[in-house]
Amino acid sequence: MQDKAALALNDRAETLSSALPALLVEAHRIAATVIIGVHGRKRSGPGETFWQYRPYSFGDNVQQIDWHRSARSDRVFIRENEWEAANTLWLWVSPSISMTFQSHLANVGKAERAKLLALAVASLAIRANERVSLLGTNLVPAHSRPALLRLAQTLIAAPASDALPGAVRLPKFSTVLMFGDFLEKPDRIARSLGAIAANGVAGHVVQVCDPAEETLPYSGRVRFEEMAGPLTYIAGKTESLREAYQAKFQEQRAQVRDIARRVGWSFAVHRTDEPPLRILHALHGLIGGEKSRANQARAF
């Protein structure tokens, strides 16, 4: 059943992402502009992916000698890695139970939309032969179409949790893209983003929200229930709470935006009653580098 759902999500993401060109990313810390993802340059050089063995020659660094390979021969071999020049894209979709919320104003829940967007971005990156993975999983970054299906399966099977990603050591030249409602306490969010960004990792935060969460469009007597707990609240005249509620919601959003900016990350908002292609265009502009900044400015 999960495989069937993953295939359906994968097909929808493919359809959505097909409206954009292959995702390109400017690697800011190298001299040349290259496409996103830790991808090989088909030559030896600094990197983490094995490229080839070659016989040791005078002047080679002895630390590069692969003794296991050399022991199987009468020659000494050097282990060379493939030159890697750009970013690996790491995606994260919040597993919070609050992401399952869906009001009468939207035809899709927050979690479903976030997973669709994440997979669409992954599809764009993979189409550009880039490597993608999910933050906090054991999935090895890959750039194949089967890898896209594995991403979908993992997203579908992810259990509900209130966990935010913790400190994780990402490879050099990584980019993180996070989707969630970010309704957790701001200090928790700050610790999470700060830990990930501590090593200079670039990142983007997308707050996915239901339109009812922004506007509180209810009137009269309404019973509100905590999604992750037993708490309930009965409002006798809900419309009287609207102004204070909206101010509190916007305060939370402002704090998350400030947290993202403090670590040098971007922040964007997507409502589930909006077409997903709009935010996808915006993300394409953000992750695509300076050449797409015009799209970014218009979309945000």
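See the structure printed just above.
Residues numbered from 1 in each chain as written. Predicted model: local features only at pLDDT ≥ 70, side-chain atom pairs only at ≥ 80, totals over all residues. Heavy atoms only, no water.

(A) Structural view of the environment of F77. Residue position: F77 is located in strand 3 (residues 77-84). Residue F77 is classed as buried on the basis of its relative accessible area of 10%. Remark: the alpha-carbon pair of F77 and W67, spanning ten residues in sequence, is separated by 7.5 Å. (Helix = DSSP H or I, 4+ residues; strand = E, 2+ residues; numbered from the N terminus. Buried < 20%, exposed > 50% of the residue type's maximum accessible area, 1.4 Å probe, protein only.)

(B) Representation of the pairing of strand 8 (residues 222-225). Of the strand pairs in this sheet, strand 8 and strand 9 (residues 232-235) are connected by four bridges, and their pairing is antiparallel. Residue E225 lies in a different strand from strand 9, and its bridge partner there is T232. Following strand 8, the chain reverses through six residues before pairing antiparallel with strand 9. (Pairing = 2+ DSSP bridges.)

(C) Looking closely at the side chain of S133. The residue S133 is located in strand 5 (residues 132-134) in this model. Given the relative accessible area of 0%, S133 is considered buried.

(D) Inspection of the pattern of salt bridges at higher detail. Taken as a whole and assessed by the stated rule, the structure comprises seven salt bridges. Salt-bridge contacts for D273 lead to R271; the nearest nitrogen and oxygen are separated by 2.7 Å. Looking at R271, the relative accessible area reads 21%, which means it is partly exposed. Here the salt bridges do not stand alone but share partners, grouping E214, R253, R271 and D273 into one network. (Salt bridge = Lys/Arg side-chain N within 4 Å of Asp/Glu carboxyl O.)

(E) Structural view of helix 4 (residues 145-157). Relative to the 18 Å expected for 13 residues at 1.5 Å per residue, helix 4 spans 19 Å between its end C-alpha atoms, a close match to the ideal helical length. The set of residues buried in helix 4 consists of A147, L148, L151, A152 and L155. Each buried residue of helix 4 sits inside an arc of 145 degrees when the element is viewed along its axis, so together they form one side. (Expected span 1.5 Å × (residues − 1). Arc of directions from axis to C-beta.)

(F) Fine view of the packing of helix 3 (residues 110-127) against helix 8 (residues 276-287). Relative orientation of the contacting elements helix 3 and helix 8 amounts to 45 degrees, with a least axis distance of 11 Å. The orientation of helix 3 with respect to helix 8, classified from their angle, is oblique. Handedness of the helix 3/helix 8 crossing: right-handed. Residues R113, L117, A120, V121 and L124 of helix 3 lie in contact with helix 8, whose contacting residues are P276, I279, L280, L283 and I287. Partitioning the contact of helix 3 with helix 8 into residue classes produces nine nonpolar, no polar and one charged. (Axes fitted to C-alpha atoms, helices over the stretch in contact; angles between N-to-C directions. Parallel < 35°, antiparallel > 145°, perpendicular 65-115°, else oblique. Left-handed = near helix turned anticlockwise from the far one by under 90°. Contact = heavy atoms within 4.5 Å. Nonpolar A, V, L, I, M, F, W, Y, C, P; charged D, E, K, R; others polar.)

(G) The pairing of strand 7 (residues 202-209), seen in detail. Counted residue by residue, strand 7 has seven buried out of eight residues, so it is predominantly covered. When strand 6 (residues 174-180) meets strand 7, the two strands line up parallel, connected through six bridges. By the bridge assignment for strand 7, T175 is matched with A202. Handedness of the crossover is the feature at issue here: the chain leaves strand 6, passes through helix 5 (residues 186-197), returns alongside strand 7, and the resulting connection is right-handed. Two elements, strand 7 and strand 10 (residues 266-271), share six bridges in a ladder whose sense is parallel. When the bridges of strand 10 are listed, H204 appears paired with S266. (Right-handed = clockwise from strand over helix to strand, strands pointing away.)

(H) Local environment of the sheet that holds strand 7. One open sheet holds the five strands; their spatial order is 5-4-6-7-10, and the pairing between them is parallel. Every interior strand has two partners, whereas the edge strands, strand 5 and strand 10, have only one. On average, each strand axis in the sheet is tilted by 20 degrees relative to the strand beside it, whichever way the strands run. Bridge count between strand 4 (residues 88-93) and strand 5: three bridges; the pairing is parallel.

(I) Representation of the packing of aromatic side chains in the model. For the structure shown, the criterion picks out three aromatic pairs. With 6.2 Å between their ring centres and 70 degrees between their planes, Y218 and F224 make a pair best called edge-to-face. By relative accessible area, which is 26% here, F224 ends up partly exposed. (Phe/Tyr/Trp six-rings, centres within 6.5 Å; stacked < 30°, edge-to-face > 60°.)

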